[in-house]
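# Coordinate analysis (summary)
Residue-level listing of the chains:
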Amino acid sequence: MLSAKNVFKLALAAAVIVCIGLFFFLPLNEYLSFEYLQQQRNAIVDLYLAHPILFIATYIAVYVVLTGLSIPSATLLTLIGGAVFGTVTGTVVVLSASTLGAICAFVLARYVLRDYVQEKFSKYLGQVNRGVAEEGAFYLFGLRVVPVVPYFVVNFVMALTPIRLWTYYWVTQLGMLPGTVLYVNSGKELGKLQSASGILSWTLILSLVALGLFPLVAKKLVDLARSRIRKSP
């Protein structure tokens, strides 16, 4: 006979599967496209200006649910956040939402989907465990700054390591900050596009160039820091 704890886990796992199925069955992803944002941008911005707190709360809730369920939407939602909120407010809102979403995925993997994650992502476990053992929290920081491993895989696999939830939270937030700023700023510039000629805007070009160069520069800096950590006594 199943214990109450196992029944709860099964019920929660079933709820996750149902939510993911509904997302794709009801084609809600049609509303999460940059094309839809461009068409409805004025109405969306007006709604945000009329009800800022409710709008931000709804945006965060959607972001947390989708990233918590590992539905691929984080990049698009971040760009949309930049287009609607601007760089400063967008960075604060998106970083808060993405970190909460990562926490939800982490908790689900650690306490509910542990067996599934071990089976599905076993090829990453050895590498991540070695990295955490050798470098501690800095290993997670490196994974967040330089996305060598997919975002949702990091959320799941890190849950099977001994890392504490609080450490996971603040390192995730710190590690995602630089990339979030760049993506939000790119979303703000893309949101201004009214025609193809807007692509030649120098602010948009600089934003996209910075977005493209960031992973390369970040990898060099992380590798340099990693080599110094390993050399230190």
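In this text, all values refer to a predicted model and were calculated from it rather than measured experimentally.

## Points about the overall build of the chain
- A count of helices and strands for the chain gives 11 helices and 0 strands.
- Each helix and strand of the chain, placed in order from N terminus to C terminus, yields the pattern α-α-α-α-α-α-α-α-α-α-α.
- A burial count over the chain gives 42% of its 233 residues as buried.
- Relative to all contacts within the chain whose residues are 6 or more apart in sequence, the contacts with residues 24 or more apart total 79%.
- By element, 69% of the accessible surface of the chain is carried by carbon and sulfur atoms, the whole surface being about 13,300 Å².

## Structural notes on the environment of Leu 37
- Mapped onto the elements, Leu 37 comes out in helix α2 (residues 34-50).
- Through-space distance from the C-alpha of Leu 37 to that of Val 84 is 9.0 Å; in sequence the pair is 47 residues apart.
- With residues up to four places along the chain from it excluded, the contact list for Leu 37 reads Ile 44, Ile 80, Ala 83 and Val 84.

## A look at the nonpolar core
- Counting residues in each nonpolar core, the largest one holds 28 residues, and the members touching the most others are Val 117, Phe 121, Leu 140, Val 157, Met 158 and Tyr 168.
- Those elements that place two or more of their residues in this core are α5 (87-111), α7 (122-135), α8 (137-145), α9 (151-158) and α10 (165-191).
- Top element by residues in this core is α5. It accounts for 6 residues.
- For Tyr 168, the contacting residues outside a window of four places in its chain are Ala 102, Ile 103, Phe 106, Leu 140, Arg 144, Asn 155, Met 158 and Ile 163.
- Core analysis: the second largest hydrophobic core is formed by 18 residues, Ile 44, Tyr 63, Leu 77 and Ile 80 among them.

## Comments concerning the confidence of the model for the chain
- Residues of the chain with pLDDT of at least 70 account for 70%, and the chain-wide mean is 77.
- Contacts of residues 195-200 to residues separated by more than four positions or lying in other chains number 6 contacts, the stretch itself having pLDDT below 50.

## So, the packing of aromatic side chains
- By the definition in use, this model includes 8 aromatic pairs.
- On the basis of an interplanar angle of 55° and a centroid distance of 5.6 Å, the ring pair of Tyr 48 and Phe 55 is categorised as tilted. In this pair, the class of Tyr 48 matches that of Phe 55, namely buried.
- Seen from their ring centres, Phe 106 and Tyr 168 are 4.2 Å apart, and the 25° between their planes marks the pair as stacked. One end of the pair, Phe 106, is in helix α5; the other, Tyr 168, is in helix α10, with 62 residues separating them in the sequence. Each member of the pair, Phe 106 together with Tyr 168, is buried.
- The rings of Tyr 48, Phe 55, Tyr 59, Tyr 63 and Phe 85 are connected pair by pair, giving a single aromatic cluster.

## Side note on the environment of Gln 118
- In this structure, Gln 118 sits in helix α6 (residues 114-120).
- Taking the C-alpha atoms as reference points, Gln 118 and Phe 156, 38 residues apart in sequence, are found 9.1 Å from one another.
- Residues within four places of Gln 118 in sequence aside, it is in contact with Leu 125 and Leu 160.

Calculation rules
Residues numbered from 1 in each chain as written. Predicted model: local features only at pLDDT ≥ 70, side-chain atom pairs only at ≥ 80, totals over all residues. Heavy atoms only, no water. Helix = DSSP H or I, 4+ residues; strand = E, 2+ residues; numbered from the N terminus. Buried < 20%, exposed > 50% of the residue type's maximum accessible area, 1.4 Å probe, protein only. Contact = heavy atoms within 4.5 Å. Areas by Shrake-Rupley, 256 points an atom, 1.4 Å probe, with all protein chains shown as cover. Core = buried A, V, L, I, M, F, W, Y, C linked by side-chain atoms within 4.5 Å. pLDDT = per-residue confidence, 0-100. Phe/Tyr/Trp six-rings, centres within 6.5 Å; stacked < 30°, edge-to-face > 60°.

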